[in-house]
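# Structural description and commentary
Chain by chain, the residues run as shown.
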Amino acid sequence: MPTRIVIDCDPGTDDAIAILLAAASDELDLAAVTVVAGNVGLDRTLPNALRVLELAGRADVPVSGGAARPLIWPVEQRALVHGVDGLGDAGIGPPAASAQTTHAADVLAALDGATLVAIGPLTNVAIALARHPGAAAGIRQLIWMGGAFAGGNVTAAAEFNCWWDPEAAARVLQAGIDLVIVPLDATRHATVTPAEIALLAPDAQAMLGHYLEVCRTRYGVDECRLHDPLAVAVLLDEAVVELVDARVEVDCTRDVSRGATLAERHGRTGPANARVAFAADTERFRSLLLSHLRQK
Ligand code: RIB
Ligand code: CA
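Calculation criteria
The residue count restarts for each chain, going from 1 along the sequence in the order it is written. All chains are assigned letters beginning with A, and all ligands numbers beginning with 1, in the order in which they are written. Residues qualify for local features only when their pLDDT is at least 70, as the model is predicted, and side-chain atom pairs are given and counted only at 80 or more; totals for whole chains, interfaces and linings, by contrast, use all residues. Here the side-chain values reflect all heavy atoms present in the structure, with hydrogen atoms and water set aside. Donor criterion used throughout: N, O or S atom within 2.8 Å of the metal, extended to 3.2 Å for Na, K and Ca. Water excluded; incomplete-looking sites may result. A run of H or I in DSSP counts as a helix once it spans at least four residues, and a run of E counts as a strand once it spans at least two, with each numbered from the N terminus. Three exposure classes are used, based on accessible area relative to the maximum for each residue type with a 1.4 Å probe and protein chains only: buried under 20%, partly exposed in between, and exposed over 50%. Whether two aromatic rings pair depends on their centres lying within 6.5 Å, for rings of Phe, Tyr and Trp, where Trp uses its six-membered ring; planes under 30 degrees apart make the pair stacked, over 60 edge-to-face, and the rest tilted. Salt bridges are counted wherever a side-chain nitrogen of Lys or Arg sits within 4 Å of a carboxyl oxygen of Asp or Glu. Residues are classed as near a molecule or strand on a simple rule: at least one heavy atom within 4 Å of it. Polar contact is defined as a pair of N or O atoms within 3.5 Å, subject to the rule that within protein one atom must be able to donate a hydrogen and the other to accept it, and that residues adjacent in sequence are counted only when both atoms are side-chain atoms. Detection works on a 1 Å grid of protein atoms alone, calling trapped sets that fit a 1.4 Å probe cavities and calling open sets with protein on both sides within 12 Å along at least five of seven lines pockets, with lining residues defined by an atom within 4 Å of a point. More than half of a molecule's atoms within 2 Å of the grid points is what it takes for that molecule to sit in a cavity or pocket. Put simply, Ala, Val, Leu, Ile, Met, Phe, Trp, Tyr, Cys and Pro go in the nonpolar bin, Asp, Glu, Lys and Arg in the charged bin, and everything else, Gly too, in the polar bin. Definition of nonpolar core: a set of buried residues of the types Ala, Val, Leu, Ile, Met, Phe, Trp, Tyr and Cys, connected through side-chain atoms within 4.5 Å. Pairs of residues are marked as contacts when any of their non-hydrogen atoms sit within 4.5 Å. Here an axis means a line fitted to C-alpha atoms, over the contact stretch when the element is a helix, while the angle between two N-to-C directions is reported on a 0 to 180 degree scale. Helix crossings are classified by the rotation of the near helix relative to the far one: an anticlockwise turn of less than a right angle makes the crossing left-handed, while a clockwise turn makes it right-handed. Two strands form a pair only when DSSP identifies at least two bridges running between them. Grid points are joined across faces, edges and corners, and a volume is the space filled by probe spheres set on the points.

A few words now on the coordination of the calcium ion (ligand 2). Every protein donor of the calcium ion (ligand 2) is listed here as Asp10 (OD), Asp15 (OD), Asp15 (OD), Ile119 (O) and Asp228 (OD), and their distances to the metal cover 2.2 to 2.6 Å. Between consecutive donor residues of the calcium ion (ligand 2), the sequence gaps follow D-x4-D-x103-I-x108-D. Here isoleucine 119 lies in the loop between β4 (114–118) and α4 (123–131) and aspartate 10 lies in the loop between β1 (3–9) and α1 (13–23), a separation of 109 residues in the sequence. One exposure class covers both aspartate 10 and isoleucine 119, and it is buried.

Attention now goes to unusual backbone geometry. For the peptide bond that leads from proline 11 to glycine 12, omega is -15 degrees, which places it in the cis range. Along the chain, glycine 12 turns up in the loop between β1 and α1. You will see that aspartate 89, though not glycine, has its phi angle at about 50 degrees, which is positive. Topologically, aspartate 89 is positioned in the loop between β3 (63–65) and α3 (104–108). Positive phi, close to 50 degrees, is recorded for aspartate 112, a residue that is not glycine. Relative to the assigned elements, aspartate 112 resides in the loop between α3 and β4.

A full pass over the atoms with the stated rule returns two aromatic pairs. Consider the rings of phenylalanine 149 and phenylalanine 278, whose centres lie 5.4 Å apart with planes at 55 degrees: the pair is tilted. Linking phenylalanine 149 in the loop between β5 (139–145) and α5 (160–164) with phenylalanine 278 in strand β11 (residues 274–280), this pair joins segments that are 129 residues apart in sequence. Exposure remark for phenylalanine 278: the relative accessible area of 16% places this residue in the buried category. Considering the side-chain rings of phenylalanine 160 and tryptophan 163, the 5.8 Å spacing of their centres and the 35 degrees angle between planes classify their relative orientation as tilted. Taken together, the positions of phenylalanine 160 and tryptophan 163, both in helix α5 and three residues apart, correspond to about one turn of that helix. Each member of the pair, phenylalanine 160 as well as tryptophan 163, carries the same accessibility label: buried.

Following the criterion strictly, the structure yields 12 salt bridges and no others. Ionic pairing is found between glutamate 283 and arginine 286, a salt bridge with its closest N-O pair at 3.4 Å. Separated by three residues within a single helix, glutamate 283 and arginine 286 lie in helix α11 (residues 282–293), roughly one turn from each other. A relative accessible area of 12% places arginine 286 in the buried class.

Our next topic: the site of ligand 1. For ligand 1, the set of nearby residues contains 13 residues, the closest of which are Asp14, Asp15, Asn153, Glu159 and Asp228. Here aspartate 15 contributes a side-chain N or O atom positioned 2.9 Å from an oxygen atom of ligand 1. Asparagine 161 is positioned with one of its side-chain polar atoms (N or O) 3.0 Å from an oxygen atom of ligand 1. Most atoms of ligand 1, that is more than half of them, are within 2 Å of grid points of the largest pocket. Tallied by class, the residues present in the shell around ligand 1 amount to four nonpolar, four polar and five charged.

What follows is about the nonpolar core. Buried together is how nonpolar side chains tend to be arranged in soluble globular proteins. Core analysis: the largest hydrophobic core is formed by 69 residues, its most contacted members being Ile7, Val33, Leu226 and Leu230. Leaving out residues up to four positions away in the same chain, isoleucine 7 has contacts with Ile19, Ala22, Leu30, Ala32, Val33, Thr34, Val117 and Ile119. Counting residues in hydrophobic clusters, the runner-up holds 34 residues, among them Ala114, Leu122, Ala168 and Ala170.

So, about the packing of α1 against α11. Two numbers describe how α1 lies on α11: the axes approach to 9 Å, and their chain directions differ by 65 degrees. At the point where α1 passes α11, the crossing takes the left-handed sense. Contacts between α1 and α11 involve Ile17, Leu20 and Leu21 on the former and, on the latter, Leu288, Leu289, His292 and Leu293. Taken together, the residues of the contact of α1 with α11 break down into six nonpolar, one polar and no charged.

Once that is clear, we can look at the sheet that holds β3. The strand order across the open sheet formed by nine strands is β3-β2-β1-β4-β5-β6-β11-β9-β10, and the pairing between neighbours is mixed. Every other strand in the sheet has two partners, leaving β3 and β10 (261–264) as the edge strands with one partner each. Here the strands of the sheet are splayed against their neighbours by 30 degrees on average, with no regard to which way each runs. Bridge count between strand β2 (residues 28–35) and β3: three bridges; the pairing is parallel.

With that settled, the discussion passes to helix α6 (residues 166–173). For α6, the buried fraction is high: seven of the eight residues fall into the buried class. Contact partners of the buried residues in α6: α4, β5, α5, β6 (179–182) and β9 (241–250).

Put simply, the largest pocket is a space of about 660 Å³. For the largest pocket, the lining is made up of 33 residues, of which Val81, Asn153, Tyr211, Tyr219 and His227 are closest to its centre. Contributions of two or more residues to the lining of the largest pocket are made by α1, α5, α7 (184–187), α9 (202–219) and α10 (227–236). The biggest single contributor to the lining of the largest pocket is α9, with four residues. Residue composition of the lining of the largest pocket, by class: 14 nonpolar, eight polar and 11 charged. In this structure, the second largest pocket occupies an estimated 200 Å³ of space. Looking at the second largest pocket, the residues that line it are Leu20, Ala23, Ala24, Leu55, Ala56, Leu200, Ala201, Asp203, Ala204, His292, Leu293 and Gln295. Of all the elements in the fold, those that place two or more residues in the lining of the second largest pocket are α1, α9 and α11. Its residues assigned to classes, the lining of the second largest pocket comprises nine nonpolar, two polar and one charged.

In structure tokens form, the structure reads like this:
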């Protein structure tokens, strides 16, 4: 039986590839998509999710919008790694479909045993848990692309999805949900080079083009880190990562370390609340991605 999943996302080019991967996987039943602001504003992440599902041939999947801002403290929009439109300014165009009127938090509160793949800030999930006390029990497992334990990608301390809403991340990590965290420590190994990108569908290549250029000019590397697709890949082949039990906590101060995630692995600060992927197998990830998305 395919695993029923819901994806909460902030598309985002790597979110887009993650959605394409999930939609192309017979092992997964993509039941719904919920959307949060993050990479770009909700006014763009929401239509982007609709458009990517159309590209995947899954315009039937219901899409619901959620939070346009973090729970408590506002954030300023950071460098547009994903382009102005959020999909690499690749001319992907507007969707034909419309979003549901149901709020994302109310969708996430009624998962009824589905697996939640959260690949953006956790604001929608936190609101669902606050509005519906029984929401956590309905989440079979939560796989979150977020956090970093050896340095961030927005500040020295914080990874973007956590940096954008640390209070939301803290609330979700304390909710007692069966949690797998896929941090930068693992996603830095989930890379594709121009050779792999050239084997993908034209739209996927176009969306990744801007991202690849940013990686070349900003980081001096000729490859892209596909953070969000790795979270989906873990569901398809858990051996693509190494999972370690840890107690993960979030820095919610408003100092230089805001949004940092700390992992304690020896029970000193309390029981483990997550299994954390501290590494990933690059070749295994690439072959899994291409086995589902290769077009040539
Ligand atoms: O830090 C990487 C994460 O932040 C990814 O989910 C990417 O899409 C951005 O949201
Ligand atoms: Ca994302």
